[in-house]
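Tertiary structure, described
Here is what each chain is made of, one letter per residue.
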There are 2 protein chains.
Amino acid sequence: MAKKDVFVLQDILLSNAQTAAAIRRELESRRILAVNLLSSPGAGKTTLLEALADRLKGRARMAVIEGDIETERDAERIRARGIPAWQITTGGACHLEAKMIGKVLPEIPTDIDFLFIENVGNLVCPAGYDLGERLRVVLLSAPEGDDKPKKYPRAFVTADVLLLSKADLRPFLPFDVEKAKAEALALNPKLRVFIISAVSGQGLDDLVAFLFRAREEIASRA
Amino acid sequence: MAKKDVFVLQDILLSNAQTAAAIRRELESRRILAVNLLSSPGAGKTTLLEALADRLKGRARMAVIEGDIETERDAERIRARGIPAWQITTGGACHLEAKMIGKVLPEIPTDIDFLFIENVGNLVCPAGYDLGERLRVVLLSAPEGDDKPKKYPRAFVTADVLLLSKADLRPFLPFDVEKAKAEALALNPKLRVFIISAVSGQGLDDLVAFLFRAREEIASRA
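Throughout what follows, the structure given in this document is the object of discussion. The residue count restarts for each chain, going from 1 along the sequence in the order it is written. A letter from A marks each chain and a number from 1 marks each ligand, given out in the order of writing. With the structure being a predicted model, the display of local features is reserved for residues of pLDDT at least 70 and the display and counting of side-chain atom pairs for 80 or more, all residues being used for whole-chain, interface and lining totals. Note: side-chain values were computed over all heavy atoms of the structure, leaving out hydrogens and water.

1. Quick word on the overall build of chain A
Counted only if it meets this: Secondary structure elements are taken from DSSP: a helix is a run of H or I of four residues or more, a strand is a run of E of two residues or more, and numbering for both begins at the N terminus. In this description the radius of gyration comes from C-alpha coordinates, and the expected globular size is given by 2.2 Å times residues to the power 0.38. Between buried and exposed lies partly exposed: a residue is buried under 20% and exposed over 50% of the maximum accessible area for its type, with that area taken using a 1.4 Å probe on protein chains only. Note on areas: these come from Shrake-Rupley sampling with a 1.4 Å probe, and a residue is covered only by the protein chains present in the view. We treat Lys and Arg as the positive residues and Asp and Glu as the negative residues; His and chain ends play no part in the count. For this purpose, a charge sits on NZ of Lys, CZ of Arg, CG of Asp or CD of Glu.
Within chain A, the regular secondary structure consists of eight helices and seven strands. Here the C-alpha radius of gyration of chain A, 17 Å, is about what a compact globule of 222 residues would show, namely 17 Å. Taking the principal axes of its C-alpha atoms as reference, chain A extends roughly 55 × 35 × 35 Å. When burial is assessed residue by residue, chain A has 60% of its 222 residues classed as buried. Surface summary for chain A: the accessible area is close to 8900 Å², and the carbon and sulfur share equals 51%. Charged side chains in chain A number 32 positive and 31 negative. The centres of these two groups are separated by 3 Å.

2. Quick word on the pattern of salt bridges
As a reminder of what qualifies: Each salt bridge in this description consists of a side-chain nitrogen of Lys or Arg and a carboxyl oxygen of Asp or Glu lying within 4 Å of one another.
One pass over the full model with this rule turns up 34 salt bridges over all chains. Here E50 of chain A and R77 of chain A are joined by a salt bridge, their closest N and O atoms 3.1 Å apart. Taken as a pair, E50 of chain A in helix 2 (residues 45–56) and R77 of chain A in helix 3 (residues 73–79) lie far apart in primary sequence, 27 residues in all. Look at E50 of chain A and you get buried, because its relative accessible area is 12%. When salt bridges with common partners are traced through the structure, they connect D68 and D74 of chain A together with D147, K148 and K151 of chain B into a single cluster.

3. Let's talk about the interface of chain A and chain B
Spelled out, the test is: Two residues qualify as a contact provided that any one of their heavy atoms is within 4.5 Å of a heavy atom in the partner residue. Once two parts are joined, some of their accessible surface, as seen by a 1.4 Å probe, is lost; buried area is that loss totalled over both. A 3.5 Å cut-off defines polar contacts: any pair of N or O atoms within that distance qualifies, except that in protein one atom must be a possible hydrogen donor and the other a possible acceptor, and neighbouring residues in sequence count only when both atoms are side-chain atoms. Residue polarity follows a fixed list, in which Ala, Val, Leu, Ile, Met, Phe, Trp, Tyr, Cys and Pro are nonpolar, Asp, Glu, Lys and Arg are charged, and the others, Gly among them, are polar.
The interface is formed by 31 residues belonging to chain A together with 31 residues belonging to chain B. Taking both sides of the interface into account, the surface hidden between chain A and chain B amounts to around 2400 Å²; carbon and sulfur atoms contribute 59%. When residues of chain A are sorted by the area they lose upon contact with chain B, P41, R73 and K151 of chain A head the list and together hold 26% of the total. Remark: the boundary between chain A and chain B carries 11 residue pairs in polar contact (both at pLDDT 80 or more). If you list the elements that add at least two residues to the side of chain A that touches chain B, you get helix 3 and helix 5 (148–151) of chain A. Taken together, the residues that form the side of chain A that touches chain B break down as 13 nonpolar, six polar and 12 charged.

4. Things to note about the packing of helix 2 (residues 45–56) of chain B against helix 8 (residues 204–221) of chain B
Residues and elements named next belong to chain B. The criterion, for reference: For helices, the fitted axis covers only the stretch in contact; all axes are lines through C-alpha atoms, and the angles between them, taken along N-to-C directions, range from 0 to 180 degrees. Any angle that falls under 35 degrees is termed roughly parallel, while one over 145 is termed roughly antiparallel, one within 65 to 115 roughly perpendicular, and all others oblique.
In the contact formed by helix 2 and helix 8, the axes pass within 11 Å of each other and the chain directions differ by 70 degrees. Relative to helix 8, the element helix 2 is oriented roughly perpendicular. Along its contact with helix 2, which presents L48, A51, L52, R55 and L56, the element helix 8 presents L204, D205, L207, V208, L211 and F212. For the contact of helix 2 with helix 8, the class distribution of residues is nine nonpolar, no polar and two charged.

5. Some details on the packing of aromatic side chains
All names here are of chain A. Worth spelling out the cut-off: Centres within 6.5 Å make a pair out of two Phe, Tyr or Trp rings, where for Trp the six-membered ring is used; the pair is then stacked when the planes are under 30 degrees apart, edge-to-face when over 60, and tilted otherwise.
In this structure the tally under the stated criterion is seven aromatic pairs over all chains. With a centroid separation of 5.4 Å and an interplanar angle of 55 degrees, the aromatic rings of F194 and F210 are classed as tilted. Placement of F194 in strand 7 (residues 192–195) and of F210 in helix 8 (residues 204–221) is noted, with a sequence separation of 16 residues between them. Assigned by exposure class, F194 and F210 land together as buried.

6. Notes on the relation of the copies chain A and chain B
Note the cut-off: All copies are superposed by least squares; the fitting set is the C-alpha atoms of residues with a pLDDT of at least 70 in both.
Between the two copies, chain A and chain B, the superposition gives an RMSD of 0.0 Å; the rotation angle is 180 degrees and the shift along the axis is 0.0 Å. What the rotation and shift describe, once combined, is the action of a two-fold rotation axis.

7. Let's talk about the environment of A93 of chain B
Residue and element names in this part refer to chain B. Residue placement: A93 occurs in the loop between strand 3 (85–89) and helix 4 (98–104). Taking the relative accessible area as the measure of exposure, A93 reaches 28% and is therefore partly exposed. The spatial distance from the C-alpha of A93 to the C-alpha of V157 is 22 Å, given a sequence separation of 64 residues.

8. A word on the environment of K57 of chain A
Residues and elements named next belong to chain A. Inspection of the secondary structure assignment puts K57 in the loop between helix 2 and strand 2 (62–68). Its relative accessible area of 58% is what places K57 among the exposed residues. Sequence-wise, K57 and P171 are 114 residues apart; in three dimensions their C-alpha atoms are separated by 31 Å.

9. Brief notes about the nonpolar core
Quick reminder of the rule: Residues enter a nonpolar core if they are buried and are Ala, Val, Leu, Ile, Met, Phe, Trp, Tyr or Cys, with the set joined through side-chain atoms within 4.5 Å.
Core analysis: the largest hydrophobic core is formed by 48 residues, its most contacted members being F156 and L162 of chain A together with F156 and L162 of chain B. Of all the secondary-structure elements, those providing two or more residues to this core are strand 5 (135–141), helix 6 (153–158), strand 6 (161–165) and helix 7 (177–187) of chain A together with strand 5 (135–141), helix 6 (153–158), strand 6 (161–165) and helix 7 (177–187) of chain B. What L162 of chain A contacts, discounting residues up to four positions off in sequence, is V138, L140, F156, A184, L191, R192, V193 and F194 of chain A.

10. Focus on the pairing of strand 1 (residues 33–38) of chain A
Residue and element names in this part refer to chain A. The condition is simple: Between any two strands, pairing holds if DSSP finds at least two bridges.
When you tally the buried positions in strand 1, you get six out of six residues, the bulk of the element. Relative to strand 5, strand 1 runs parallel, the two sharing four bridges. By the bridge assignment for strand 5, N36 is matched with R136.

11. Remarks on helix 2 of chain A
Residues and elements named next belong to chain A. Rule in force here: Expected span, for any helix, means 1.5 Å times one less than how many residues it has.
Spanning 12 residues, helix 2 covers 16 Å between terminal C-alpha atoms, matching the ideal 16 Å at 1.5 Å per step. The buried fraction of helix 2 is high, at nine of 12 residues. Within helix 2, the full set of buried residues consists of K45, T46, L48, L49, E50, A51, L52, A53 and L56. Just past helix 2, the residue G58 takes up positive phi, approximately 80 degrees.

12. Brief notes about the side chain of D74 of chain A
Mapped onto the elements, D74 of chain A comes out in helix 3. At a separation of 2.8 Å, a polar atom in the side chain of D74 of chain A contacts the side chain of K151 of chain B. Every residue in contact with D74 of chain A, bar those within four places of it in the chain, is listed here: T46, E66, D68, Q87 and E118 of chain A together with D147 and K151 of chain B.

And the structure:
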């Protein structure tokens with residue numbers, strides 16, 4: 001592999017912000033769209049990535065970095081879809097940090113289009129750590145309740161995209177989608193909001209189209 | 001109010017463990033069962049407390065301390081049930097600490113039977129902080145998935161009670177209750193497990209009976 005085909009990030013002594021900025025430069029110079037997925041445990045991050053793997057098949061190349069306290073379970077689910085996946089286990093820490101991404105980066109193929117980073121399931125801590133992503137995506141699932149944006153504001157304030165997930169469960173729940181959306185937009189008027197279900201497929205075509213456009217923007221500048 | 005009828009904890013300079021121990025002594029000397037509720041956001045902690053408020057009415061006195069990053073919403077829901085409630089907003093911190101409880105304690109009536117402390121919605125950070133509770137209760141809701149205990153082990157390892165909540169939603173979900181239970185018990189064989197739904201009432205009579213027995217144990221020793 002030629003020198004230009006590996007990631008050469010030397011990040012170990014840098015602060016999180018510096019490391020994240022270096023990762024972002026490196027990824028964007030390679031026209032890779034990096035997406036950082038944040039949510040509570042069980043909001044549907046891995047299931048969404050499985051659905052995206054199926055929808056991107058034959059159209060784009062993706063890789064996944066999975067963050068969890070313990071277990072390889074999420075990476076195994078992604079690999080079962082034929083997608084390369086790296087598991088970071090934090091061993092207790094409640095969020096990923098840029099240096100953890102920097103350590104994994106040299107192993108990741110440089111010719112991918114999308115790098116999805118699934119953060120530790122936690123609606124609080126990951127919001128404070130830039131991982132070098134281009135897009136930060138927060139998921140709020142219908143069973144969690146429509147009152148969560150103002151109770152956990154930082155994730156919503158710092159995100160670019162809000163996915164109101166598990167829309168297929170809404171008939172069985174008191175979740176008010178307009179209330180959740182309005183509350184999140186009051187915190188962050190620039191949020192792009194999609195109502196999705198990885199089970200029924202609702203909203204996924206729009207989301208995939210949006211991801212391709214965001215990737216085009218990077219590619220056009222690189 | 002006579003001296004003996006107020007909480008006199010002087011905790012500000014103590015470590016979390018020392019403060020928690022002092023709170024536990026103070027509460028147990030007054031025959032109060034303190035319960036620390038942990039879970040992901042939206043697993044049903046506040047809805048469970050509303051249901052317990054209704055079931056304990058006329059049988060026991062309870063008070064609630066609510067922990068959240070922002071908003072008074074949860075305390076307002078509890079007060080609407082006629083139960084005294086104090087809201088702690090951490091302003092960003094992902095868990096409650098014993099000193100936060102110590103500061104609120106002097107305001108709480110000393111003649112209650114149960115003090116429920118609802119931690120910040122977070123399946124990671126609160127597990128590291130003793131709040132002076134007698135019982136630590138972790139909720140895992142059906143929509144979160146049956147794979148969570150091993151992915152977020154500390155909450156399950158340190159809890160006394162596991163509530164598999166939102167059982168009413170199980171017909172619509174792939175949640176395997178026996179798998180979740182077995183995985184949690186493999187981490188912590190002493191866990192008491194209840195399958196509950198605050199919506200249908202499933203499991204709540206057993207849970208209330210258990211709470212009364214736990215409170216009796218404290219009262220008999222105080």
